[in-house]
Amino acid sequence: MNKKHYILSIAGAVALVVSLMACGGKKQSKVGPNGELSGEISLSGAFALYPLAVQWADEFQKLHPDVKIDVSAGGAGKGVTDAIANVVDFGMVSRELSEAEIQRGAVGFAVAKDAVVPTINAKNPAISDLKKHGVKRDDLIALWINGEKKTWGQLAGSQDETPVSVYTRSDACGAAETWALYLGKKQEDLQGTAVFGDPGLAAAIQKDVNGLGLNNIGYAYDTKTGKPNPGLAVAPIDVNNNGQIDPEEDFYDTKEGVVKAIKDGRYPSPPARDLYFVSKGVPTDPVVIAFLQYILTDGQKENGPQGYIGIPQDKLDAGLKKLGVKE
């Protein structure tokens, strides 16, 4: 697809000048006679999508230098609220939309896939037992939800009576909601010390040798090296519940290994999940449409290098059809 013509499939888009007075007159988007774009696009929301959204914005702006794109993180709850209120063009949301949000006009477009993983301090005394035996879903429920298990020995199958310092998120976010869904509950049911944001929670675990938290893989692993971020490790999940980490469950040493396990279905879903751009109704601004069309087509090539998983073609086609650029 020609880099200047992402929206040529929209009838009448070329040479169209759109004034967005109905949206409060805050911006004006233009499409020139040769398909050149100018205008502003705004995004807010999930920390999980923030790094990839910034990359998409940078690449799109190389193609269209007169388009300004503002991306801010603040949690999936903020993203969907801002989108429904028309404060931003897209809310970045790292969970499924609720029926109530859909009824208020929220429309979601799946743009990437990732997962939430249980994070621990790299110097945790129980790390060798955890890597050998893994953690069972029932034990995570007993720790995060019921409070029935409280020590690393109970979690790792040893005699260690050191208390576990459990952490969760203080902001309404897709990571905590997805993790809670894996445990059969909602975010508000998660016990533990509440910390704002993915970076904040990762930092808390890095400082607490006995800490156990939850992070999107984009914050658990270093994008460049593919290894866990300094001071962090990922606690492997004993998916088949047999009391040991089998070879097919042993993939947490690198981000590449986790991504492959998500693709192969070896990591449970949830906490593997789709990530969404959410708008209030289907977008009508041609510049906003062009940006989303880019993401659903050429922009998918950025997913892998940034440590995310691409969306299957049928979902991309469904998004394009919803957007009105594909029959």
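Residues numbered from 1 in each chain as written. Predicted model: local features only at pLDDT ≥ 70, side-chain atom pairs only at ≥ 80, totals over all residues. Heavy atoms only, no water.

## Quick notes on the nonpolar core
Nonpolar side chains in soluble globular proteins generally cluster together in the buried interior. Definition in use: Throughout this description, the term nonpolar core refers to a set of buried Ala, Val, Leu, Ile, Met, Phe, Trp, Tyr and Cys residues connected via side-chain atoms within 4.5 Å. The buried label goes to any residue with under 20% of its type's maximum accessible area, the exposed label to any with over 50%, and the partly exposed label to all in between, with areas taken from a 1.4 Å probe on protein chains only. Helix numbering and strand numbering both begin at the N terminus, where a helix is a DSSP run of H or I of at least 4 residues and a strand a DSSP run of E of at least 2. Any two residues having at least one pair of non-hydrogen atoms within 4.5 Å are treated as being in contact.
Judged by nonpolar contacts, the single largest core of 50 residues is most densely connected at Leu 43, Trp 56, Ile 69, Phe 277 and Phe 291. It is helix 11 (residues 286–296) that contributes the most residues to this core, nine residues altogether. Setting aside residues no more than four positions away along its own chain, Ile 69 makes contact with Ile 41, Leu 43, Ala 57, Phe 60, Gln 61 and Phe 291. Of all hydrophobic cores here, the second largest spans 44 residues; its members include Ala 115, Leu 183, Ile 217 and Val 234.

## Section: the packing of helix 11 against helix 12 (residues 313–323)
Our working rule: Working convention: axes come from line fits to C-alpha atoms, limited for helices to the stretch in contact. Angles between N-to-C directions cover 0 to 180 degrees. Our angle categories are set so that under 35 degrees counts as roughly parallel, over 145 as roughly antiparallel, 65 to 115 as roughly perpendicular, and the remainder as oblique. Crossing handedness follows the turn of the near helix against the far one: under a right angle anticlockwise gives a left-handed crossing, and clockwise gives a right-handed one.
The geometry of helix 11 relative to helix 12 is characterised by a closest axis approach of 10 Å and an angle of 165° between their N-to-C directions. Here helix 11 lies roughly antiparallel to helix 12, going by the angle between them. Crossing handedness for the pair helix 11 and helix 12: left-handed. Two secondary-structure elements touch here, helix 11 through Ile 289, Leu 292, Gln 293 and Leu 296 and helix 12 through Leu 316, Gly 319, Leu 320 and Leu 323.

## Remarks on the packing of helix 1 (residues 50–63) against helix 11
Packing of helix 1 against helix 11 brings their axes to within 11 Å, and their N-to-C directions diverge by 115°. Here helix 1 runs over helix 11; the crossing is right-handed. Between helix 1, through Trp 56, Ala 57, Glu 59, Phe 60 and Leu 63, and helix 11, the contact on the second element is made entirely by Ala 290, Phe 291, Tyr 294 and Ile 295.

## Considerations on helix 8 (residues 198–207)
Threshold: Note: the arc covers the axis-to-C-beta directions of the helix.
Regarding helix 8, the residues found buried are Asp 198, Leu 201, Ala 202, Ala 204 and Ile 205. The buried side chains of helix 8 occupy one side of the element, clustering within an arc of 155° when seen end-on. Buried residues in helix 8 make contact with strand 6 (106–121), strand 7 (165–169), strand 8 (193–195), strand 9 (211–216), helix 9 (217–220) and strand 10 (232–234).

## Notes on the packing of aromatic side chains
So the rule is basically this: Two rings from Phe, Tyr or Trp (for Trp, the six-membered ring) form a pair when their centres sit within 6.5 Å of each other. Planes less than 30 degrees apart are called stacked, planes more than 60 degrees apart edge-to-face, and all others tilted.
Taken as a whole and assessed by the stated rule, the structure comprises eleven aromatic pairs. Ring centres of Trp 179 and Tyr 182 lie 5.4 Å apart, and the angle between their planes is 45°; this geometry places the pair in the tilted category. One end of the pair, Trp 179, and the other, Tyr 182, are both in helix 7 (residues 174–182), three residues apart, so they sit about a helical turn from each other. We note that Trp 179, like Tyr 182, is buried. On the numbers, 6.4 Å between centres and 40° between planes, the contact of Phe 277 with Phe 291 is tilted.

The values are spatial; any link to function lies outside them.
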